[in-house]
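Geometric and topological summary
The residues making up each chain are set out below.
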Amino acid sequence: MDESMEAVVLAELAFSTSDLAQMRFAVSPMWEVGPSFRLLSSGSVHPVHRPWLEQVRPRVAAAGLDRGWLAELVPPSGYVPDFLNPAPAGPAPTLAQELARILTSSPAQVRQDLDRLRHEQGRLGPRSRTLYAEPQARLARVTEEVETYWELALAPYWARIRTVLDADVFHRARQVAEQGTGHLFNDLHPSVSWNDNALRLARRQPALSRRTAGAGLVLIPSAFTGPGLFTPG
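So, on to the overall build of the chain. From N to C terminus, the chain includes ten helices and five strands. Across the 233 residues in the chain, those meeting the buried criterion constitute 43%. Carbon and sulfur atoms form 53% of the exposed surface of the chain, whose accessible area is close to 12100 Å².

Below, the structure written as structure tokens:
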């Protein structure tokens, strides 16, 4: 799943027994869309991803997707609007199910996410500005482009990607079974630690906004995030 934890702790999530009871794993198509699209514009690509990138980048450019909705909503670095990454409702939702969730995003949520995107990037692109003005009318255009991107960039490789993601879920679940949840959290990522019933994330800006415990936690592996750690909010 990107110093000392005591030196820089920017986020802390208190956990209750209810959180631990509701912790689960999920594989999400939409959580692969953003990181993979970002990778296409990256100047530095890991050798593992290079064959994929060399095949996919010309297809995406030929379809004009490098100048479309995703190009504005998934910047080369920084925040990606949360409405594009709904929390998976089950262990393995389909792309169609996740796109349906995106289409039900409230105008208030879309505008709040775009406000943050504007704040971090300094501006919104022309398509994003129309989405801000008419969220319900424009979300369908966004999901249509996501479907096109999926067919060009991810669908041909999805069986292999799923094999990798499912293997990671199995590995993490086995860690919980054999060594406990605390060991799982401490092994997730160098920036993550577990202690005193709290999950701490170093170098996480801005701080996470969850005020109370009890809602559980969804852990989602990704084939395209590289060494980074991604969280919503």
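Here Asp 166 lies in helix 9 (residues 158–179). Among the residues examined, Asp 166 registers a relative accessible area of 34% and is labelled partly exposed. On a C-alpha basis, the gap between Asp 166 and Ala 26 in space is 8.9 Å, while along the polypeptide they are 140 residues apart.

Further remarks concern the sheet that holds strand 1 (residues 11–14). Pairing in this open sheet of three strands is antiparallel, and the strands run 1-4-3 from one edge to the other. Single-partner strands in this sheet number two, and they are strand 1 and strand 3 (192–195). Sheet twist, expressed as the mean angle between neighbouring strand axes with direction ignored, is 20°. Bridging between strand 3 and strand 4 (residues 198–201) involves four bridges; their strand directions are antiparallel. Considered in strand 4, the bridge of Val 192 is made with Leu 201. In this fold helix 10 (residues 181–188) packs onto strand 3 and strand 4, with an angle of close to 155° to the strand it touches most, strand 3.

Moving on to the nonpolar core. Core analysis: the biggest nonpolar cluster contains 55 residues, and Trp 52, Leu 131, Tyr 149, Leu 154, Phe 185 and Leu 199 have the highest contact counts within it. Apart from the residues within four sequence positions on either side, Trp 52 is in contact with Ser 36, Leu 39, Leu 40, Tyr 149, Ala 153, Leu 154, Tyr 157 and Phe 224.

Position of Leu 20 relative to the elements: it lies in helix 1 (residues 17–22). Expressed as a C-alpha distance, the spacing of Leu 20 and Leu 217, which sit 197 residues apart in the sequence, is 7.8 Å. Once residues within four sequence positions are removed from consideration, Leu 20 is found in contact with Phe 15, Thr 181, Phe 185 and Trp 194.

Let us look at the pairing of strand 1. Only one face of strand 1 is covered, namely the one carrying Ala 11 and Leu 13; the face carrying Glu 12 and Ala 14 has none of its residues buried. In this sheet, strand 4 lies alongside strand 1 in antiparallel orientation, the contact comprising four bridges. Bridge pairing links Ala 11 to Leu 201 in strand 4.

This next bit is on the packing of helix 7 (residues 126–133) against helix 8 (residues 135–154). Two measures define how a pair of helices packs: the angle their axes make with one another and the distance between the axes. Where helix 7 meets helix 8, the axes come as close as 6 Å, and the angle between the chain directions of the two elements is 135°. One way to sum up the angle between helix 7 and helix 8 is to call them oblique. Contacts from Thr 130, Leu 131, Tyr 132 and Ala 133 of helix 7 reach helix 8 at Pro 135, Arg 138, Leu 139 and Val 142.

Cut-offs used in this document
Residues numbered from 1 in each chain as written. Predicted model: local features only at pLDDT ≥ 70, side-chain atom pairs only at ≥ 80, totals over all residues. Heavy atoms only, no water. Helix = DSSP H or I, 4+ residues; strand = E, 2+ residues; numbered from the N terminus. Buried < 20%, exposed > 50% of the residue type's maximum accessible area, 1.4 Å probe, protein only. Areas by Shrake-Rupley, 256 points an atom, 1.4 Å probe, with all protein chains shown as cover. Pairing = 2+ DSSP bridges. Axes fitted to C-alpha atoms, helices over the stretch in contact; angles between N-to-C directions. Contact = heavy atoms within 4.5 Å. Core = buried A, V, L, I, M, F, W, Y, C linked by side-chain atoms within 4.5 Å. Parallel < 35°, antiparallel > 145°, perpendicular 65-115°, else oblique.

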